[in-house]
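So you can see what is in the structure, the chains are spelled out below.
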Amino acid sequence: MTDKMLEAFNGTREAGSIASATLDEISKIIKPGITTNEIDKICFEFINDNGAYSAPLFYRGFPKSCCTSPNHTVCHGIPKNKILKEGDILNVDVTALKNGWHGDTSRMFFVGEVSTKAKKLVNATYEALIKSIKILKDGIYIGDIGSAIQKYVESEGFSVVRDFCGHGTGKNFHEPPNILHFGEAKTGEKIKTGMIFTIEPMINEGSWETKTLNDGWTAVTRDKKLSAQFEHTVGITDNGYEIFTSSKKGLDFPPYKT
């Protein structure tokens, strides 16, 4: 890799580590009775205490430091005084901005004991992400990522959201290329060493269709069935890939034993 690529990898690794540690931190407090505003406050303070900035805050007018998306919310849920209850599932999406570089990641959380169908959906979503990461290397196509996700998810009886995608990231929060989570293998742009992007499949229990609420941000399933998402920021190396946002405490998948 070039010196410029190494600089980007080093910067993203540091930012990604803070973002991942933020999700580790909130895994300690997510339980019935907590509000999504309280989660947002902890995310802001933890990222700030680690010398970084919460990139979502005021990004294109977004009012909070993280996205909290419970149950049938697909993504971009705005933290508020919503009290989480037993059986809820929740996605928390954070991005740390450190020394000009972004680290973007999200995880699912169980609020108390959740249903078998919720566990199955969350498991399939995580497995789809990991399966798509394991194929990463110089020379494959962006379409290979979407194809791997879609084939697995649909074989499990779920659907892949079409309206949102992963993205390149670096000095800018969002950069080309777009990383679709569905599609045909061997299509789209070729992946090259040095590229850094997110993979963040949103998987629905029912139909893939979504709608955005009047706040201009919150996306929900049209059929009001459950949705789940996991996200990692990854980089393409000379001999494969690096995940910049894995939990150093092994808390990548719920339930979290903290």
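From a predicted model like this one, the values you see are computed outputs, not experimental measurements. (Residues numbered from 1 in each chain as written. Predicted model: local features only at pLDDT ≥ 70, side-chain atom pairs only at ≥ 80, totals over all residues. Heavy atoms only, no water.)

> Even after reading the chapter, I still don't get the environment of glycine 146, so can you show me in this structure?
Residue placement: glycine 146 occurs in helix α4 (residues 142–155). The spacing of glycine 146 and isoleucine 179 is 33 residues in sequence and 7.5 Å in space, taken between C-alpha atoms. The contacts of glycine 146, once residues within four sequence positions are left out, are Leu180, His181, Phe182 and Gly183. (Helix = DSSP H or I, 4+ residues; strand = E, 2+ residues; numbered from the N terminus. Contact = heavy atoms within 4.5 Å.)

> I would appreciate a short explanation of the pattern of salt bridges in the present structure.
Within the structure shown, the criterion is met by six salt bridges. In this structure, arginine 13 engages glutamate 242 in a salt bridge whose closest nitrogen and oxygen atoms are separated by 2.7 Å. Within this pair, whereas arginine 13 is found in helix α1 (residues 3–26), its partner glutamate 242 is found in strand β15 (residues 240–243), the two being separated by 229 residues in sequence. Among the ionic pairs, arginine 107 bridges to aspartate 24, the shortest N-O distance being 2.8 Å. One end of the pair, arginine 107, is in strand β5 (residues 101–110); the other, aspartate 24, is in helix α1, and 83 residues separate them in sequence. The exposure class of arginine 107 is buried, given its relative accessible area of 2%. Note on aspartate 24: relative accessible area 5%, which makes it buried. (Salt bridge = Lys/Arg side-chain N within 4 Å of Asp/Glu carboxyl O. Buried < 20%, exposed > 50% of the residue type's maximum accessible area, 1.4 Å probe, protein only.)

> Honestly, the sheet that holds strand β3 (residues 73–75) in this entry has me stumped. Any pointers?
Pairing is antiparallel in the open sheet, where three strands are placed in the order β3-β12-β11. The open sheet has two edge strands with one neighbour each: β3 and β11 (210–212). Between one strand axis and the next, the sheet turns through 40° on average, direction left out of account. (Pairing = 2+ DSSP bridges. Axes fitted to C-alpha atoms, helices over the stretch in contact; angles between N-to-C directions.)

> Teacher, can you tell me more about the nonpolar core here?
Most often, soluble globular proteins have nonpolar side chains that are buried together. By size, the foremost hydrophobic cluster in this structure holds 53 residues, and its most contacted members are Ile39, Val92, Leu136, Ile191, Phe197 and Ile199. Looking at this core, the elements that each hand over two or more residues are α1, α2 (36–49), β4 (89–98), β5, α3 (116–134), α4, β9 (196–199) and β14 (232–237). Of all the elements, α3 adds the most residues to this core, at nine residues. Apart from the residues lying within four places of it in its own chain, the contact partners of valine 92 are Leu23, Ile26, Ile30, Ile39, Cys43, Cys66, Cys67, Thr68, Thr105, Ser106, Arg107 and Phe109. (Core = buried A, V, L, I, M, F, W, Y, C linked by side-chain atoms within 4.5 Å.)

> Is there a simple way to explain the packing of aromatic side chains in this structure?
What describes a pair of aromatic rings is the distance from one ring centre to the other and the angle between the planes of the rings. Following the criterion strictly, the structure yields seven aromatic pairs and no others. With 4.8 Å between their ring centres and 55° between their planes, tyrosine 59 and phenylalanine 173 make a pair best called tilted. On the criterion of sequence distance, the pair formed by tyrosine 59 in the loop between β1 (53–54) and β2 (67–70) and phenylalanine 173 in the loop between β7 (166–168) and β8 (175–179) is long-range, its members being 114 residues apart. Overall, tyrosine 59 belongs to the partly exposed group, its relative accessible area being 22%. With relative accessibility at 10%, the residue phenylalanine 173 sits in the buried group. Taken together, the aromatic side chains of Tyr126, Phe230 and Phe253 make up a single cluster linked through ring pairs. When the ring centre of phenylalanine 182 is taken as origin, the NZ or CZ atom of arginine 162, which lies over that ring, is 4.9 Å away. (Phe/Tyr/Trp six-rings, centres within 6.5 Å; stacked < 30°, edge-to-face > 60°. Lys NZ or Arg CZ within 6 Å of the ring centre and 35° of its normal.)

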